[in-house]
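# Chains, contacts and geometry: an overview
Given next are the chains, with one letter for each unit.
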Amino acid sequence: MKNHSKKGTTIRPFACYDAEQLEGIRTRISMQPELLEEYKRQLMLSDAFAEVELSLPIQRMNAFRTNPFVFQTPENAAHMKVTFHIRGKGEVWIRQVKLTHSERGLPIPIVNGSFDQGLTEWETTSHSSSSSVSLEPSDDPRLGQCLYVKNMSDDDQVLLAMTNTIPVYAQEHYSIQTTLRLDELLSEDGVYVEIRFLGAAGQPMDEVYSSCPFNRKTPTTWATLLETAGADADAYMVTGDAVYAERAKRKILYMLPDMCQGMDIFRATGWHVDDTYGAVHIGRGMAVTSVIYDQIADSGVILPEEDAAIQSHFRYIAAMMMDTAYYRFDLEQFPDEKGGKRSNWNADRATGLGIYALIFPEETLAEEYLEHACAVVDWQLEHVVDKDGAWPENIRYHGAVLHRYFLFFTLLQRLRGIDYWSRDKVKMMYRFLIGTVTPKDSVQGGPDSEPKLLSPAVGDSTVDDNWFRMFAYAAPFYVKLDPQLSREMMWAWKHGGGVVRDTGASPCTLLALLYPQLELPREAPELTSVYFAGIGYVIFRQHFGQWGQENYAIFESSPLTYHAHHDEGHFSIWANATPLTLDPGTGGYYNGDRHWYVNGHAHNVVQFMDEAGIVQNGPLKSICEEVYFSDQMDYVRSCIPDVHADAYHRHFAYVKAGADVYVVWDHIRSQRKSVWNLHTLSSSSDIEKNRITAHCLNEMKLEVTFLEPGKISASTSHGAVSGAYPLAAQEHLRITGDCGSDYLTLLFPKSGESSGLTVRILPVDPDSPELRMYRVLRDEQTLFLLLVNRADHLKTFAFQADRPLLNLLDKTSCKPDANGQCHIQLNGGRLAIFIAI
């Protein structure tokens with residue numbers, strides 16, 4: 001980077017706006033309803049926190065931690081008993097106990113888990129008369145009562161046991177999450193959970209599980225204060241009232257030392273059980289706290305000694321962010337998903353450091369930090385962001401990185417005249433987000449909400465990440481530079497819910513008030529079926545933008561393993577503004593539900609069994625071998641290199657031509673049995689012979705017809721689902737196949753009581769049992785012919801036809817000969833779909 005000689009002014013506030021712009025900002029907020037609503041929300045947040053702060057010090061504002069204990073039940077376990085041990089001199093407050101079935105990502109209700117009914121369903125035992133157990137109101141008036149345990153001596157131990165046993169499934173994962181507070185360490189072990197198991201007949205089992213003891217202080221973490229501190233600073237920006245600046249200052253004086261002490265622990269231990277003090281969140285926090293400081297620096301409320309302390313903490317954080325013992329930003333390959341130059345961690349670390357350098361140009365190492373930050377971003381734009389503009393982890397991390405890039409690019413242009421907005425890769429990153437949007441979903445958010453666009457859940461992403469807010473922030477920068485992109489961004493923002501609030505981890509509240517120009521023109525993009533090869537998404541579209549008629553499917557065949565789930569070959573489908581089958585997205589990283597979201601059984605994939613008959617996860621990446629799009633059919637074939645199969649290809653076709661039918665063919669060469677998973681966003685399903693009809697939302701149905709196997713063996717369970725849908729879980733349908741058997745399936749979305757599909761098996765050469773041929777009809781009208789060649793080499797189909805046929809995949813045609821016969825050659829391991837012409 002060359003043009004860093006131009007120094008920014010030292011008159012504050014100077015970073016995001018200057019004193020001359022303040023009145024214009026205040027006027028715009030007062031005149032824009034969306035901005036005014038967001039400002040009022042921030043003002044209420046600031047005032048509510050200040051009210052609590054009158055009686056509670058900051059370190060106790062959010063002084064509870066949720067500690068998970070994840071375990072797998074032993075063989076033959078049918079019930080479990082849970083006991084908490086509190087050992088050693090000291091005090092503990094327990095606010096809540098939760099239980100999750102990790103294999104399904106679903107909560108298991110616990111009677112009186114929050115102690116609202118006193119000690120009902122709990123039993124306490126003390127090993128000493130000097131211990132006490134009582135129910136006390138929390139110091140924080142926003143919270144309910146807690147179970148308070150006080151041990152007076154080192155030998156004291158209190159046992160807190162659930163009186164009821166809890167039914168469990170054998171050899172499955174569960175998680176107990178305990179929300180507790182420790183102001184000081186206990187003198188001995190601390191708090192741990194003991195699990196005992198019972199068999200089906202109620203007999204005690206030998207296995208006893210104990211969690212690692214929890215014994216660390218739980219003062220408020222910096223991250224829980226960030227949004228409120230931003231709201232304080234914004235209130236000062238709008239009103240000029242130093243009261244709000246004082247509120248923000250108090251939080252900064254608390255947050256920065258907390259960052260420092262947490263980073264010290266992280267550096268020393270590689271403490272990855274909580275990312276709050278890792279480079280990813282510290283980078284975000286460093287950027288936002290720098291902005292907050294900059295907003296209040298001219299207020300007069302920061303005393304010289306306080307300012308010196310703030311500057312010192314910022315310098316310490318910045319130096320640590322350049323320490324490879326804290327974060328390995330020097331590695332081009334991942335040591336794990338939390339390290340290296342390619343990681344989203346590095347993007348957030350570098351941009352946080354760069355924003356700090358821009359806001360504090362007087363610092364000795366500011367230019368060095370800025371040079372480094374720009375070098376990291378330049379390298380990532382060239383080597384990490386792919387040719388389609390995708391950040392190659394998933395949509396969630398694409399949005400997260402672009403979000404942090406945004407403020408860095410904004411300040412670089414404003415303060416140094418360095419333009420990243422015109423770079424092709426930056427524009428493509430915004431276009432990629434637009435290019436992945438689902439149809440407007442009429443269910444998400446509840447019956448009173450407007451239909452809105454979503455980002456599809458794929459792997460570690462959810463449908464409600466709200467990345468569309470970033471379009472409102474960035475669109476003004478493209479009004480002249482790329483007006484078409486600006487208009488499309490504003491369209492996506494408006495139809496994505498019109499959200500301006502910055503949400504998620506480490507929000508920067510100023511963005512919502514300063515950057516959106518909501519009166520900018522909007523224009524719908526032209527979106528069609530698309531393949532994003534670098535990230536591995538294949539999106540099928542029909543009737544884009546036609547309300548109630550738009551069809552959408554997304555298929556994953558990813559070459560990557562970053563933040564990967566065992567979901568290769570998964571698909572999600574929307575029809576009639578309704579999701580019918582969804583990727584579950586992601587849960588919490590540390591709350592014990594990850595076994596569901598990461599596991600293959602949570603996705604629409606085939607899983608194979610090992611020699612013991614236990615279902616195994618598939619690979620973390622696959623190979624997309626062919627993609628084809630047309631007005632009449634979309635198609636993808638992927639090779640999924642499962643270690644339990646000699647060969648496995650998944651074919652996924654969307655037959656548009658008057659049919660709206662999805663064809664899924666899993667072509668398998670394996671000596672192992674397998675399971676075909678399907679998740680439907682449905683309240684119930686009918687299973688009969690070779691057909692499943694899932695009763696979905698909006699009176700939609702998903703009809704699933706199995707051509708192979710001809711007679712299915714199906715089981716039903718439930719699992720967690722991404723997004724705010726009225727169903728707490730998706731139905732999980734599992735179809736078991738024999739060794740080496742294929743699955744050939746038709747998925748047909750339909751509404752109400754409309755007619756379904758009829759399938760007729762057509763005769764083929766009896767000497768070629770690998771061939772399959774089907775006529776697919778609706779209301780006695782042929783929709784298409786489906787031909788499948790399971791052999792490894794070319795085969796010829798010969799059959800009677802009364803008219804010419806068109807192959808939708810390669811556009812070749814076949815005319816019947818004088819005897820009314822068609823002869824069609826089909827390569828091994830391929831399917832063909834024909835319609836009459």
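Residues numbered from 1 in each chain as written. Predicted model: local features only at pLDDT ≥ 70, side-chain atom pairs only at ≥ 80, totals over all residues. Heavy atoms only, no water.

## Description of the overall build of the protein
The cut-off we apply is this: Where helices and strands are cited, they refer to DSSP runs of H or I of at least four residues and of E of at least two residues respectively, numbered from the N terminus. Put simply, the radius of gyration uses C-alpha atoms, and a globule should come to 2.2 Å times the residue count raised to 0.38. For each residue, the accessible area found with a 1.4 Å probe, counting protein chains only, is set against the maximum for its type, and the residue is called buried under 20%, exposed over 50%, and partly exposed in between. Residue contacts are defined here by distance: any two heavy atoms, one from each residue, within 4.5 Å place the two residues in contact. Computed by Shrake-Rupley with a 1.4 Å probe, the accessible areas treat only the displayed protein chains as cover when residues are assessed. For this count, His and the chain ends are skipped, Lys and Arg are scored as positive, and Asp and Glu as negative. For charged residues, the charge sits on one atom: NZ in Lys, CZ in Arg, CG in Asp, CD in Glu.
On a plain count of helices and strands, the protein comes out with 14 helices and 37 strands. The globule rule puts the C-alpha radius of gyration for 837 residues at 28 Å, and the 30 Å found for the protein is close to it. Looking at the protein as a whole, 59% of its 837 residues qualify as buried. Intrachain contacts of the protein at a sequence separation of at least 6 include 70% that bridge at least 24 residues. As displayed, the protein has an accessible area near 32100 Å², and 49% of this comes from carbon and sulfur atoms. Between the centroid of the 76 positive side chains of the protein and the centroid of its 107 negative side chains there is a distance of 3 Å.

## So, the layout of surface pockets
We count it as follows: Residues are called lining when one of their atoms sits within 4 Å of a cavity or pocket point, these points coming from a 1 Å grid over the protein atoms alone, where a cavity is a set in which a 1.4 Å probe fits but cannot get out and a pocket is an open set with protein on both sides within 12 Å along at least five of seven lines. Grid points are joined across faces, edges and corners, and a volume is the space filled by probe spheres set on the points. Nonpolar residues are Ala, Val, Leu, Ile, Met, Phe, Trp, Tyr, Cys and Pro. Charged residues are Asp, Glu, Lys and Arg, and all others, Gly as well, are polar.
Its boundaries defined by the atoms lining it, the second largest pocket holds a volume of some 460 Å³. Lining the second largest pocket are 18 residues, and of these Glu103, Gln171, His601, Ile614 and Val615 lie nearest its centre. When residues of the lining of the second largest pocket are assigned to their parent elements, the largest contribution, three residues, is made by helix 14 (residues 594-598). Residue composition of the lining of the second largest pocket, by class: four nonpolar, nine polar and five charged.

## Description of the nonpolar core
Threshold: We define the nonpolar core as a collection of buried residues of types Ala, Val, Leu, Ile, Met, Phe, Trp, Tyr and Cys that are connected through side-chain atoms lying within 4.5 Å of one another.
One finds Cys16, Leu407, Phe408 and Tyr430 to be the most contacted residues of the largest nonpolar core, which totals 147 residues. It is helix 9 (residues 395-416) that contributes the most residues to this core, 13 residues altogether. Once residues within four sequence positions are removed from consideration, tyrosine 430 is found in contact with Leu402, Phe406, Trp421, Met470, Phe471, Ala474, Tyr478 and Met489. Core analysis: the second largest hydrophobic core is formed by 33 residues, Val636, Ile640, Trp676 and Ala694 among them.

## Notes on the confidence of the model for the protein
Short version of the rule: You can read pLDDT as the predictor saying how much it trusts each residue, on a scale of 0 to 100.
With 98% of its residues at a pLDDT of 70 or more, the protein shows a mean pLDDT of 93. Within the model, the stretch residues 1-10 combines pLDDT values under 50 with 19 contacts to residues more than four positions away or in other chains.

## Points about the pattern of salt bridges
Any two side chains of opposite charge can pair if their charged atoms end up close together. Stated precisely, the cut-off is as follows: One side-chain nitrogen of Lys or Arg within 4 Å of one carboxyl oxygen of Asp or Glu is enough to make a salt bridge.
Applying the stated criterion to the full structure yields 46 salt bridges. Note that aspartate 792 is salt-bridged to arginine 669, the shortest N-O span being 3.4 Å. Remark: arginine 669 occurs in strand 22 (residues 661-669) and aspartate 792 occurs in the loop between strand 32 (781-789) and strand 33 (795-800); sequence separation between them is 123 residues. A relative accessible area of 26% means that arginine 669 is categorised as partly exposed. Close ionic contact of arginine 772 with glutamate 708 constitutes a salt bridge, the shortest N to O distance being 3.0 Å. You can see arginine 772 sitting in strand 31 (residues 771-778) and its partner glutamate 708 sitting in strand 26 (residues 700-708), a full 64 residues away along the chain. Glutamate 708 gets classed as buried once you look at its relative accessible area, which sits at 9%. Salt bridges sharing partners connect three or more residues here, namely Glu53, Glu246, Lys249, Arg250 and Glu306.

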